[in-house]
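# Topology and contacts: notes
Residue strings, one per chain:
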Amino acid sequence: MIANVLVMIRKRSRTVIGAALLGCCFMTPQAALAADCPGNPNALGTSRTIVVDPREHPRIGTMQYPETLPLADHEVVLTFDDGPLPKYSNQVLAILASQCVKATFFTIGSQARFNPEGVRKLIAAGHTVGTHSQNHPLTMNKMPLEKVRQEVDDGIASTLAALNGDKSKLAPFFRIPGLMRAEIPEAYLASQGIQVWSADFPADDWRHISPQRVYDLAIQRIEAKHKGILLLHDIQPRTVAALPRILNTLRERGYRIVHVVPATADRPATPTQPQQWFMHPPTETVATTRWPRIPNFVFTATRTLPAPVFADMDWRDADVLDHAQRARVGVPVRTLWPQPQVAQLAPVSTLPIPAADVFRVPEALDLTLLAARSATNRRVAAAGAPRAQAISARQARHPKQAAHQVPAAAHGRSRGAPLHVAPPAASNAAVHVAKRTPRAEASAAGKRVPD
Ligand SMILES: [Zn+2]
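Residues numbered from 1 in each chain as written. Predicted model: local features only at pLDDT ≥ 70, side-chain atom pairs only at ≥ 80, totals over all residues.

## Let's talk about the overall build of the chain
Looking only at helices and strands, one finds 17 helices and 10 strands in the chain. Per-residue burial over the chain gives 27% buried out of 451 residues. Of the contacts made within the chain by residues no fewer than 6 positions apart, 74% connect residues no fewer than 24 positions apart. (Helix = DSSP H or I, 4+ residues; strand = E, 2+ residues; numbered from the N terminus. Buried ≥ 20, exposed ≤ 12 C-beta atoms within 10 Å, placed from the backbone. Contact = placed C-beta atoms within 7 Å.)

Pasting the structure below:
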């Protein structure tokens, strides 16, 4: 049949090729499935079966794990927990059969012991059967390994007992009760080659909600992700009531049901690419991989960090120093790095020093101080004296203060000594800083100590 399709494709135009491919891959199987479902020409059907290897993908279901089943868009896997319970499980089986849909059931060991025939019905109907612990404890996330092992192993043994010990009929799939995942049960299950199934969307059918609500939640959540594993319970009457509508709506909206079976020695896993195991492949959703990275500039740190001195680098540049000594070359006293003058100043020392007149002001508030400086300005301006002359005049009155006016380099300043700069003549900026910032106020207060 495929060969015939290919021959036909070669003979037709590109447009027809597209239509032929669509018919080949989507329309024909659905139509065939409907025709193959006895008594229901409009059945949803099972579109395909995928084979998975639990050892390659030990945990699935995006409710809790990064990976999920390698489904295509609009493909859904149905799962049912907590059975078998004849009253409702049998109805679920009948509904699925009416739509020719295959699902995965996670049975509880104690339920299987009580109703082994229910387990056999699941297998006879062609569904996949995994397990869900022996007693359905909701504390598996807190259990020590020994109790985890007992719950898992007993649940498998009980279900296997219903199948007369035929391991080929039981899938190595496990759903942790209440989805109470933890490292201990996950590690144990992985060590046994058992795949942990979470889900991609629940329908909250274990809660006391109406069948309508179960239907609404199931459809809304499926539509939000467009594909994935639906978590249901075959022991709930509300699930039985909602299931026919869920399946009909999925069919009407173009969804397809996928059946999942485990890989075996003679049934290899369906070939897949790693990205197919993610709900949203990274290349489609991770914007940061496609956009240029924004540089992370640091503006503040570079202004206050002191420039490195050579001594700071001795421990890592010992070779350089040794070479210099062996060659009887003077040890370099300057850093090899540019040493900006401003960078060595502590932030406080960059503030202008108050004018000498300030120290003559007795106890006063900032407001009074500023007024006095303004008066000085006016006097200097009125005399028409240039700024340099005003400074010289103050230097003459205060020789100690005058030393600070000399550039540090010419003053023989030792390393680490504060480098004072000549204050601007009561500039507005200086007044502004002294008035507004707490640091400036603290600095000014310290300088008010009488000389
Ligand atoms: Zn459960």
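## What about the environment of Met 140?
Structurally, Met 140 is set in the loop between strand E5 (128-131) and helix H6 (145-162). Met 140 gets classed as buried once you count the C-beta atoms within 10 Å, which come to 22. Residues Met 140 and Ile 184, spaced 44 residues apart in sequence, show a C-alpha to C-alpha distance of 8.7 Å. If we skip the residues at most four places from it in the chain, Met 140 touches Val 148, Glu 151, Ile 176, Pro 177, Met 180, Ala 182 and Pro 185.

## Here we look at the pairing of strand E3 (residues 75-81)
Most of E3 sits out of view: six of its seven residues are buried. Of the strand pairs in this sheet, E3 and strand E10 (residues 256-262) are connected by two bridges, and their pairing is parallel. Bridging across to E10, Val 76 finds its partner in Ile 257. Crossover E3 to strand E4 (residues 104-107) through helix H3 (residues 86-98) is right-handed. (Pairing = 2+ DSSP bridges. Right-handed = clockwise from strand over helix to strand, strands pointing away.)

## Let's talk about the environment of Met 279
Relative to the elements of secondary structure, Met 279 occurs in the loop between E10 and helix H10 (282-285). The partly exposed category is assigned to Met 279, around which 17 C-beta atoms lie within 10 Å. Expressed as a C-alpha distance, the spacing of Met 279 and His 226, which sit 53 residues apart in the sequence, is 9.5 Å. Sequence-distant contacts of Met 279, that is, excluding residues within four places in its chain, are made with Thr 62, Thr 68, Asp 200, Lys 225 and Gly 228.

## Section: unusual backbone geometry
Note that the residue after Gly 83, namely Pro 84, is joined by a cis bond; omega there is 0 degrees. As for its position among the elements, Pro 84 is in the loop between E3 and H3. Of note, the phi angle at His 74 is positive, near 65 degrees, even though the residue is not glycine. Summarising the element assignment, His 74 is placed in the loop between strand E2 (59-60) and E3. His 74 gets classed as partly exposed once you count the C-beta atoms within 10 Å, which come to 16.

## Some remarks on the nonpolar core
By size, the foremost hydrophobic cluster in this structure holds 60 residues, and its most contacted members are Val 76, Val 77, Leu 78, Phe 174, Ala 218, Leu 230 and Ile 246. The dominant element in this core, judged by the number of residues it contributes, is helix H9 (residues 237-252), at six residues. Those residues in contact with Ile 246 that lie beyond four places of it in its chain are Tyr 215, Ala 218 and Ile 219. (Core = buried A, V, L, I, M, F, W, Y, C linked by C-beta atoms within 7 Å.)

## What about helix H8 (residues 211-225)?
In a regular helix each residue adds 1.5 Å, so 15 residues correspond to 21 Å; H8 covers 22 Å between its end C-alpha atoms and thus fits that length. Contact partners of the buried residues in H8: E3, strand E8 (201-202), strand E9 (228-233) and H9. The first or second residue beyond H8 is His 226, which carries a positive phi of 75 degrees. (Expected span 1.5 Å × (residues − 1).)

## Some points on the packing of H8 against H9
H9 packs onto H8 with a crossing angle of 40 degrees between their chain directions and a minimal axis gap of 8 Å. In this view, H8 runs oblique relative to H9, as classed from their interaxial angle. Considering how the two elements wind past one another, H8 and H9 form a crossing that is right-handed. Residue-level contacts link Pro 211, Val 214, Tyr 215, Ala 218 and Ile 219 of H8 to Arg 238, Thr 239, Ala 241, Ala 242, Arg 245, Ile 246 and Thr 249 of H9. The residue inventory of the contact of H8 with H9, partitioned by class, reads eight nonpolar, two polar and two charged. (Axes fitted to C-alpha atoms, helices over the stretch in contact; angles between N-to-C directions. Parallel < 35°, antiparallel > 145°, perpendicular 65-115°, else oblique. Left-handed = near helix turned anticlockwise from the far one by under 90°. Nonpolar A, V, L, I, M, F, W, Y, C, P; charged D, E, K, R; others polar.)

## Focus: H9
Helix length check: H9 (16 residues) gives 24 Å between terminal C-alpha atoms against 22 Å at 1.5 Å per residue, within 8%. Taken together, the buried positions of H9 are Arg 238, Thr 239, Val 240, Ala 242, Leu 243, Ile 246, Leu 247 and Leu 250. Trailing H9 by a residue or two, Gly 254 shows a phi angle of about 85 degrees, which is positive.

## A look at the packing of H3 against H9
Between two packed helices, the angle of one axis relative to the other and the distance separating the axes together describe the packing. Where H3 meets H9, the closest approach of the two axes is 9 Å, and the angle between their N-to-C directions is 10 degrees. On the basis of their axis angle, the class for H3 and H9 is roughly parallel. Contact residues: Tyr 88, Gln 91, Val 92 and Ile 95 in H3; Pro 237, Val 240, Leu 243 and Pro 244 in H9. Grouping the amino acids of the contact of H3 with H9 by side-chain chemistry returns seven nonpolar, one polar and no charged.

## Thoughts on the confidence of the model for the chain
Of all residues in the chain, 54% attain a pLDDT of 70 or more, and the chain-wide mean is 74. Throughout residues 311-322 the model reports pLDDT below 50, and contacts reaching past four residues in sequence, or to other chains, amount to three contacts. Note on residues 398-451: pLDDT is under 50 here. Beyond four places in sequence and across chains, it has 56 contacts. (pLDDT = per-residue confidence, 0-100.)

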